[in-house]
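Okay, here's what each chain looks like letter by letter:
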Amino acid sequence: MYFSPEFLQNTLYIVAAILILFILIVIGYKIKHNIKIWDKSFTLALIVLANTLYSILSGFFDMPYELSSIITGGLSLVAFGYIVVIVWELHKQKKSIKSK
């Protein structure tokens with residue numbers, strides 16, 4: 001299956017817009033309900049947003065391949081690590097609820 005570069009670039013714009021909107025909605029919800037804003041899921045969302053924004057910028061500017069690989073690969077690894085931590089904490093939380 002082939003996706004044109006233009007389609008992929010436009011998809012990145014949509015993903016970034018949705019992610020920014022989602023982050024703003026979550027921040028508004030947390031402020032309204034006096035919930036701590038900065039947590040692991042918020043950090044994960046910002047890492048994914050940074051990766052998406054870097055990918056968008058690389059569409060406008062000719063970035064060196066090595067730099068792009070290091071940045072996007074590194075951000076992806078950090079995001080994966082945060083996903084593992086979040087899932088592990090949810091698993092521990094579920095386990096502690098069952099034991100009560």
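Residues numbered from 1 in each chain as written. Predicted model: local features only at pLDDT ≥ 70, side-chain atom pairs only at ≥ 80, totals over all residues. Heavy atoms only, no water.

In the annotation of an unreviewed UniProt entry, the entry for the protein reads Integral membrane protein, and the organism field reads Companilactobacillus kimchii DSM 13961 = JCM 10707.

Turning next to the packing of helix 1 (residues 5-32) against helix 2 (residues 40-60). At a minimum axis distance of 10 Å, the contact between helix 1 and helix 2 shows a crossing angle of 150 degrees. Taken together, helix 1 and helix 2 sit at an angle that is classed as roughly antiparallel. Considering the relative orientation of helix 1 and helix 2, their crossing is left-handed. Each of Gln9, Leu12, Tyr13, Val15, Ala16, Leu19, Ile20, Ile23, Ile27 and Lys30 in helix 1 lies in contact with helix 2, whose residues at this interface are Ser41, Phe42, Ala45, Leu46, Val48, Leu49, Thr52, Leu53, Ser55, Ile56, Gly59 and Phe60. Broken down by class, the residue content of the contact of helix 1 with helix 2 amounts to 16 nonpolar, five polar and one charged. (Axes fitted to C-alpha atoms, helices over the stretch in contact; angles between N-to-C directions. Helix = DSSP H or I, 4+ residues; strand = E, 2+ residues; numbered from the N terminus. Parallel < 35°, antiparallel > 145°, perpendicular 65-115°, else oblique. Left-handed = near helix turned anticlockwise from the far one by under 90°. Contact = heavy atoms within 4.5 Å. Nonpolar A, V, L, I, M, F, W, Y, C, P; charged D, E, K, R; others polar.)

Further remarks concern the environment of Val85. Mapped onto the elements, Val85 comes out in helix 3 (residues 65-99). For Val85, a relative accessible area of 33% gives the class partly exposed. C-alpha separation for the pair Val85 and Ser41, spaced 44 residues apart in sequence, amounts to 9.8 Å. (Buried < 20%, exposed > 50% of the residue type's maximum accessible area, 1.4 Å probe, protein only.)

Quick look at unusual backbone geometry now. Of note, the phi angle at Asn34 is positive, near 55 degrees, even though the residue is not glycine. Structurally, Asn34 can be placed in the loop between helix 1 and helix 2. The exposure class assigned to Asn34 is exposed, which follows from its relative accessible area of 72%.

Considering the arrangement of structural elements, one finds Thr52 in helix 2. Contacts of Thr52, omitting those with residues within four sequence positions, involve Leu12, Val15 and Ala16.

Here we come to the UniProt feature "transmembrane region" (unreviewed entry) in the protein. Here the UniProt-annotated "transmembrane region" (unreviewed entry) positions come out as residues 12-29, 41-61 and 67-90. Along residues 12-29 the backbone is 100% helical and 0% strand, and the end-to-end C-alpha distance reaches 25 Å. Strand forms 0% of residues 67-90 and helix 100%; the C-alpha atoms that close the span are 34 Å apart. (UniProt positions renumbered as here; feature names shortened; annotations may be inferred.)

Between helix 2 and helix 3, the shortest axis-to-axis distance is 9 Å and the interhelical angle comes to 160 degrees. Put simply, helix 2 runs roughly antiparallel to helix 3. At the point where helix 2 passes helix 3, the crossing takes the left-handed sense. Of the residues assigned to the contact of helix 2 with helix 3, the class counts are 14 nonpolar, seven polar and two charged.

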